[in-house]
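# Working through the structure, step by step
Listed here are the chains, written in short residue letters.
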Amino acid sequence: MNSIMRAAMAGFPPVQQEGDLLVRLRDELTKLGVNAELRDNNSALMVHKREPGLPVWVFVGFGGAYYSWQSAEQRHPTSDPEGAAKLLAASAAR
C-alpha cells in the first residue's frame, strides 16, 4: 500500500471491526424479537419489518462512530448497541 492509500485509510475502522459492531447490534435486536440478518460479508445489517414492507438497512458509518440507516438520516452511537436496537425495533414495528 502506498503512502497516499495509507493516509486515506488512517482513521477508518477496519471492515472486521464494523462487522463486529453490526453483530452486536443484531444480537441486541434478536433479544427484542426483531428479525435481522447480516449481509454482504457483515458490512450491512438488514432489519425486517414485522408487517410486509421494505427492510431497513443499517451500516456503520462516520468513521465507525455511528450506526446509520435511512440514508444516514437516522443514526445512533455504536457505543450503545442496546439503544440503537430499541430505536430500530420501534421503526420495524411501524
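Attention in this report is confined to the structure presented alongside it.

Cut-off values and rules
- Residues numbered from 1 in each chain as written.
- Predicted model: local features only at pLDDT ≥ 70, side-chain atom pairs only at ≥ 80, totals over all residues.
- Heavy atoms only, no water.
- Helix = DSSP H or I, 4+ residues; strand = E, 2+ residues; numbered from the N terminus.
- Buried < 20%, exposed > 50% of the residue type's maximum accessible area, 1.4 Å probe, protein only.
- Contact = heavy atoms within 4.5 Å.
- Areas by Shrake-Rupley, 256 points an atom, 1.4 Å probe, with all protein chains shown as cover.
- Phe/Tyr/Trp six-rings, centres within 6.5 Å; stacked < 30°, edge-to-face > 60°.
- Lys NZ or Arg CZ within 6 Å of the ring centre and 35° of its normal.
- Pairing = 2+ DSSP bridges.

## Some points on the overall build of the chain
On a plain count of helices and strands, the chain comes out with 3 helices and 5 strands. Ordered by position from the N terminus, the helices and strands of the chain form the series α-α-β-β-β-β-β-α. Counting across all 94 residues of the chain, residues that qualify as buried make up 33%. Sequence-distant contacts in the chain: of pairs separated by 6 or more residues, those separated by 24 or more amount to 33%. Carbon and sulfur atoms form 53% of the exposed surface of the chain, whose accessible area is close to 5,900 Å².

## Considering the packing of aromatic side chains
Per the stated rule, a full pass over the model turns up 1 aromatic pair. Here the aromatic rings of Phe62 and Tyr66 are separated by 5.7 Å at their centres, their planes lie at 85°, and the arrangement is edge-to-face. Phe62 gets classed as partly exposed once you look at its relative accessible area, which sits at 46%. The cationic tip of Arg75 hangs over the ring face of Phe62; the distance from NZ or CZ to the ring centre is 4.6 Å. One residue, Arg75, lies across the ring of Tyr66, its end atom 5.0 Å from the ring centre.

## Re the side chain of Thr78
The topology assignment puts Thr78 in the loop between strand 5 (74-77) and helix 3 (81-93). By relative accessible area, Thr78 is classed as buried at 8%. Leave out the neighbours within four places in its chain, and Thr78 touches Leu21, Arg24, Val60, Gly64, Ala65, Tyr66 and Tyr67.

## Quick word on the pairing of strand 2 (residues 44-47)
Two faces belong to every sheet, and in a regular strand the side chains alternate between them. Residues of strand 2 alternate between two faces, with Ala44 and Met46 on one and Leu45 and Val47 on the opposite face, all of them buried. Pairing of strand 1 (residues 36-39) with strand 2 involves 4 bridges; the strand directions are antiparallel. Of the residues in strand 2, the one forming a bridge with Glu37 is Met46. Hairpin connection, strand 1 to strand 2: the antiparallel pair is bridged by 4 residues, and Asp40 has positive phi, about 45°. Two elements, strand 2 and strand 3 (residues 56-61), share 3 bridges in a ladder whose sense is antiparallel.

## Describing unusual backbone geometry
The phi dihedral of Phe62 is positive, around 55°, even though this residue is not glycine. Looking at the secondary structure, you find Phe62 in the loop between strand 3 and strand 4 (66-69). Backbone geometry places Gln70, a non-glycine residue, at a positive phi of 55°.

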